[in-house]
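Observations on the three-dimensional arrangement
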Amino acid sequence: MGRFLAAGLPVASACSGRGACARCVVTILTGATHLTPPGPHESQTLARNGAGPDQRLSCQCRATDPAAEVLATTGYW
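Okay, so let's go over this structure.

Rules of the game
- Residues numbered from 1 in each chain as written.
- Predicted model: local features only at pLDDT ≥ 70, side-chain atom pairs only at ≥ 80, totals over all residues.
- Heavy atoms only, no water.
- Salt bridge = Lys/Arg side-chain N within 4 Å of Asp/Glu carboxyl O.
- Helix = DSSP H or I, 4+ residues; strand = E, 2+ residues; numbered from the N terminus.
- Buried < 20%, exposed > 50% of the residue type's maximum accessible area, 1.4 Å probe, protein only.
- Pairing = 2+ DSSP bridges.
- Axes fitted to C-alpha atoms, helices over the stretch in contact; angles between N-to-C directions.
- Contact = heavy atoms within 4.5 Å.
- Disulfide = S-S within 2.5 Å.

The next thing to look at is the pattern of salt bridges. Considering all chains together, one arrives at one salt bridge under this definition. The closest approach of N and O atoms between Glu 42 and Arg 56, which form a salt bridge, is 2.7 Å. Placement of Glu 42 in helix H2 (residues 40-48) and of Arg 56 in strand S2 (residues 55-57) is noted, with a sequence separation of 14 residues between them. Both residues of the pair, Glu 42 and Arg 56, belong to the buried class.

All right, on to the sheet that holds strand S1 (residues 25-30) then. Remark on secondary structure: sheet strands pair via backbone hydrogen bonds, oriented parallel or antiparallel. Judged by pairing direction, the sheet is antiparallel, and its three strands sit side by side in the order S2-S1-S3 without closing on themselves. Sheet topology places S2 and strand S3 (71-73) at the edges, where each strand pairs with a single neighbour. Across the sheet, the axes of successive neighbouring strands diverge by a mean angle of 45 degrees, strand direction being ignored. Where S1 lies against S2, three bridges are found, and the strand directions are antiparallel. Its bridge partner lying in S2, Val 26 is registered against Arg 56. In the packing of H2 onto the sheet, the strands contacted are S1 and S2, and the crossing angle to S2 comes to about 120 degrees.

Attention now moves to the state of the cysteines. Evaluation of the coordinates by the stated rule reveals zero disulfides. Looking at the unpaired Cys 59, the closest cysteine sulfur is the one in Cys 24, lying at 3.6 Å.

With that settled, the discussion passes to unusual backbone geometry. The phi dihedral of Ser 16 is positive, around 60 degrees, even though this residue is not glycine. Following the sequence through the fold, Ser 16 ends up in the loop between helix H1 (2-6) and S1. Judged by its relative accessible area of 65%, Ser 16 is exposed. The phi angle at Ala 22 is positive, at roughly 65 degrees, despite the residue not being glycine. Inspection of the secondary structure assignment puts Ala 22 in the loop between H1 and S1.

Written out as structure tokens, the structure is:
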């Protein structure tokens, strides 16, 4: 959630960023290689919510290189 909030983008959340509600799911359009891989908790939440392979929880993924460009979209922006 930090990278998206830092960019001034609204981040939906019902779990306060704990990766449980999947409201903050985003579709990564480019730059996915610059994000940390999904951990077990994020993977379980994504699977439970039927997310696609290019989707991540914005509250759980982090940029491995803060200068890297990552393009993401979601239905609530």
